[in-house]
Structure formats: C-alpha cells, structure tokens
Amino acid sequence: MTAQIIDGKAFAATVREKVAAHVARLKEVHGITPGLAVVLVGEDPASQVYVRNKGKQTVECGMNSYEHKLPAETSEADLLALIEQLNADPEVHGILVQLPLPAHLDSDLVINAIAPEKDVDGFHISNVGLLATGQKSMVPCTPLGCLMMLRDHLGSLSGLNAVVVGRSNIVGKPMAQLLLRDSCTVTIAHSRTKDIEEVCRRADILVAAVGRPEMVTGDWVKPGATVIDVGINRIDAPEKGLREDGSVKTKLVGDVEFASAKEVAGAITPVPGGVGPMTIACLLANTVTAACRANGLPEPEGLTA
Ligand code: GUN
C-alpha cells in the first residue's frame, strides 16, 4: 500500500482563509489592520522571491505589507535603526528580517533587536526560551506548519515516537520542542548520530530537516510512519534534458527520497507542495496572532500552536 500524500498546498489555502476571515473581523469590529514588515538586505535571488511571495500573500489576506529593501552594504547601525523604528510603530505587528544576512552583519544581534512580541519568525532568544519552557511565545513558522499538518493527520500525537533529523535553530530544535509539548518521545538525530537509519526506523513521526537531497530513503522509514519532509533542494535533472543555453535542467527534491519512502510510510508530504506552502501561511497566522495580542484580544482560533 502506498502512503497517503499530505497536500500542504491545499492545507495552506485553508490556513490563509482562516487568516483572511480573522483579519476581516479585526477590521470590522475593532478597526485594526494587522501589518507585517519584511526587511531584505542585499539581492540574494531566492530571498527576493520569498519576500515577494510574503508581501503578495500578506496583502491577499487583507493585511498591510511593509517591505524594506536595503542595499547589501547596509551598516549594522542603519539596520538596527530601522528595526528600532519598526519596533516603535503601532501599525507594524510583525517584523521579519529575511535570512541569511550579508556576512558583515551579525544575525543574532539583529534578530535579538526585534521586539519579541513582533518577532513573527520566533527566532528571538526570548521566544526560544518561552517555547522551551512552555510559555506563550511566537512559534517559528516552518515547525508550526509541520505541527498543524501532523495534528490534522494524526489527531493526538501523545506517546508517539518522533525523530527530527536536523538540529538547526530555525527548524530542528523548535520542531523538537513542539513535539515534546504535544507529549511525543522526541529524538533529535543529526550528522553525527550513530546508526541513524535504525534511529529513524523507530519513528512514528519522522521529520527530515537537514538540507541533504533525498538522504532519507524508504528503508529508513517504519511501515505506516508519518513522514514530514522539510527539505527544499535544487538538483540537476539530466533526465529532463538541456536548457536553450546548454545547461542541465534542474528539479526540486526534499530531504526524503519520495519514491521509495511513499511505499513504506503511512503518510508523507511531497516536495514541492508539502511543508513549503505552510511556512508562509503560518507567517500570516503569526502576524494575526501578534496583532491580537498587541490589542489585548483573544488569540485567533486554529492559528496558534
Ligand atoms: N530564510 C529562509 N527561511 C527563513 C525564515 O523562515 N525566516 C527568515 N527570516 N528568513 C528565512
């Protein structure tokens, strides 16, 4: 039997609908329009695409989008001054500084300059600590999206064995915290883990977030497991032929080898169309949550962790 494919694109659309409905209510009843400020430093092409998509979807949900594009050579002082200004701006409920930043800027310093209650990425050390201690926080968007899909598919996660492959601050560590909070038995595996295949084969929930194309193969997967693939890797696809300029065409693959894993798993997210669309949807959700909290209003239902 092949796995059920978890449709992240469709799920993300339902999250955006909930966000839009909540935004409409905030405007009508309270006269509040949530606002998200996105800061992009430099011209990294992938980051430009992300930032454009974020801005577009923010507006489509009825929120205000403020884009700040700064040159690659922007000084730390100038960037910190902009963040100060956004921190103080009551129209701005969420602030996101697109990563990676140019090498001369200290990302930790910059991220920790964002007011924690406006840190819709959930990367500020205060939010990291609040999540780890089970207090109300901003939750990082990609892990939040994974959690929403897992709860939707499995219902209660209590008592399940969860293995997170990857220990990044953006995905692996916060994902492990969220799974622990939902009463999973959590293992974080990484490049130095002994017998990593064996560790993964014990997982009822397997989250792959390492950034290595198709590393997790079907023989790493426990029969019936739920597999969440966070990876987005562009690799050469010679089978697709050549472009006009003679270069090899490429394709997107995850950290999981989809073809073999789907023969073993109970359910699996595809790449593209799995976790990816959920990330921006959760950013929008976090912005609404931040706007509600800033105004002492109840949290939007179904949009928080
Ligand atoms: N770059 C890649 N992913 C992310 C993300 O989730 N947030 C930010 N700020 N930058 C990113």
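None of these values were measured; they are calculated from a predicted model.

Further remarks concern the side chain of lysine 54. Position of lysine 54 relative to the elements: it lies in helix α2 (residues 45–60). Comment: no salt bridge for buried lysine 54; closest opposite-charge side chain is aspartate 121, at 6.0 Å. With near-sequence residues (within four places) excluded, lysine 54 lies in contact with Leu96, Gln98, Ile280 and Leu283.

Taken together, Leu96, Val97, Gln98, Leu99, Asp121 and Phe123 make up all the residues around the ligand. Between a nitrogen atom of the ligand and a main-chain N or O atom of valine 97, the distance comes to 2.8 Å. Measuring from a nitrogen atom of the ligand, one finds a side-chain N or O atom of glutamine 98 at 3.2 Å. Starting from 280 Å² of accessible surface for the ligand in isolation, the protein chains cover 79%.

Attention shifts here to the UniProt feature "domain: Tetrahydrofolate dehydrogenase/cyclohydrolase NAD(P)-binding" (unreviewed entry) in the protein. Mapped onto this structure's residue numbering, the UniProt feature "domain: Tetrahydrofolate dehydrogenase/cyclohydrolase NAD(P)-binding" (unreviewed entry) falls at residues 140–293. What you have in residues 140–293 is 34% helix and 18% strand, and the ends, taken at the C-alpha atoms, are 17 Å apart.

So, on to the environment of phenylalanine 258. Of note, phenylalanine 258 is situated in helix α9 (residues 258–261). For the pair phenylalanine 258 and glycine 296, spaced 38 residues apart in the sequence, the C-alpha separation amounts to 44 Å. Filtering out sequence-adjacent residues up to four positions away, phenylalanine 258 remains in contact with Ile5, Ile268, Thr269 and Pro270.

Cut-off values and rules
Residues numbered from 1 in each chain as written. Predicted model: local features only at pLDDT ≥ 70, side-chain atom pairs only at ≥ 80, totals over all residues. Heavy atoms only, no water. Helix = DSSP H or I, 4+ residues; strand = E, 2+ residues; numbered from the N terminus. Buried < 20%, exposed > 50% of the residue type's maximum accessible area, 1.4 Å probe, protein only. Lys, Arg positive; Asp, Glu negative; His and termini not counted. Salt bridge = Lys/Arg side-chain N within 4 Å of Asp/Glu carboxyl O. Contact = heavy atoms within 4.5 Å. Near = heavy atom within 4 Å. Polar contact = N/O pair within 3.5 Å; in protein donor to acceptor, adjacent residues only side chain to side chain. Areas by Shrake-Rupley, 256 points an atom, 1.4 Å probe, with all protein chains shown as cover. UniProt positions renumbered as here; feature names shortened; annotations may be inferred.

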